[in-house]
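Letter by letter, the chains look like this.
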Amino acid sequence: RSRLGLELDAVVEAGGSRTIGADRQALDAIGSTEPGPVVVLTPAWEPPLLELLDFLGELRRRVGSEHSIVVAPIADGARTVTDVEHETWARAVGRLRDPKLYVEAGA
């Protein structure tokens, strides 16, 4: 909230050990909320796999082109996100060529 200046309207879980069907339900839930910026939290130490990039593409289709999608890699424990982690995520997200999809380093 303090880093991005956003208030949360809803929290929806996706990815992890969940199924593709559960991820589709998460996308449906996000798509049915009041339009606004979407923040995607992800472990910073995990690589940005194609499945997540596909998820972000589908998320874009659901929320429309006018809303920002922020990918926020989050560090584990007391450490912060490293420059390498941030750069890795920024390069992967940049390949999607979406001007309103960007990476914000998490704490």
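Please refer to the structure placed before this passage.
Computed from a predicted structure; not experimentally measured. (Residues numbered from 1 in each chain as written. Predicted model: local features only at pLDDT ≥ 70, side-chain atom pairs only at ≥ 80, totals over all residues. Heavy atoms only, no water.)

Once that is clear, we can look at the nonpolar core. Among the nonpolar cores identified, the biggest contains 17 residues, and Val-38, Leu-56, Leu-59, Ile-69 and Val-71 are the most heavily contacted of them. Element by element, the count of residues in this core is highest for helix H2 (residues 50–63), at 6 residues. Once you skip the residues sitting within four places of it in the chain, Ile-69 turns out to touch Val-38, Val-40, Leu-56, Leu-59, Arg-60, Val-63, Lys-100, Leu-101 and Tyr-102. (Core = buried A, V, L, I, M, F, W, Y, C linked by side-chain atoms within 4.5 Å. Buried < 20%, exposed > 50% of the residue type's maximum accessible area, 1.4 Å probe, protein only. Helix = DSSP H or I, 4+ residues; strand = E, 2+ residues; numbered from the N terminus. Contact = heavy atoms within 4.5 Å.)

Given a rise of 1.5 Å per residue, 14 residues ought to cover 20 Å, and the 20 Å separating the end C-alpha atoms of H2 matches this to within 8%. Leu-52, Leu-53, Phe-55, Leu-56, Leu-59, Arg-60 and Val-63 are the residues of H2 that are buried. In a view along the axis of H2, the buried residues occupy a sector of 155 degrees, so they form one face of it. Of the residues in H2, the exposed ones pointing more than 90 degrees away from the buried face are Leu-50, Glu-51, Asp-54 and Arg-61. The inward-facing, buried residues of H2 abut helix H1 (20–31), strand E1 (38–43), strand E2 (69–74), helix H3 (83–94) and strand E3 (101–103). Of the residues one or two after H2, Gly-64 is the one with positive phi, at around 90 degrees. (Expected span 1.5 Å × (residues − 1). Arc of directions from axis to C-beta.)

Another point: the sheet that holds E3. The strand order across the open sheet formed by 3 strands is E1-E2-E3, and the pairing between neighbours is parallel. The two strands at the open ends of the sheet, each matched to only one other strand, are E1 and E3. When the angles between neighbouring strand axes are averaged without regard to direction, this sheet yields 20 degrees. With 3 bridges joining them, E2 and E3 adopt parallel strand pairing. (Pairing = 2+ DSSP bridges. Axes fitted to C-alpha atoms, helices over the stretch in contact; angles between N-to-C directions.)

Between its first and last C-alpha atoms H3 spans 16 Å; for 12 residues at 1.5 Å apiece the expected length is 16 Å, and the two agree. By the burial criterion, the buried members of H3 are Glu-85, Trp-89, Ala-92 and Val-93. For H3, the angular spread of buried residues about the axis comes to 95 degrees, placing them on one side. Set apart from the buried face of H3 by more than 90 degrees, the exposed residues are Asp-83, Val-84 and Arg-91. Of the surrounding secondary structure, the elements contacted by the buried residues of H3 are E1, H2, E2 and E3.

As a further point, take the side chain of Arg-60. In this fold, Arg-60 is placed in helix H2. The class for Arg-60 is buried, based on a relative accessible area of 13%. One polar contact links the side chain of Arg-60 to the main-chain carbonyl oxygen of Gly-64, over a distance of 2.5 Å. Here Arg-60 is in contact with Ser-65, His-67, Ile-69, Asp-98, Lys-100 and Leu-101, once residues within four sequence places are set aside. (Polar contact = N/O pair within 3.5 Å; in protein donor to acceptor, adjacent residues only side chain to side chain.)

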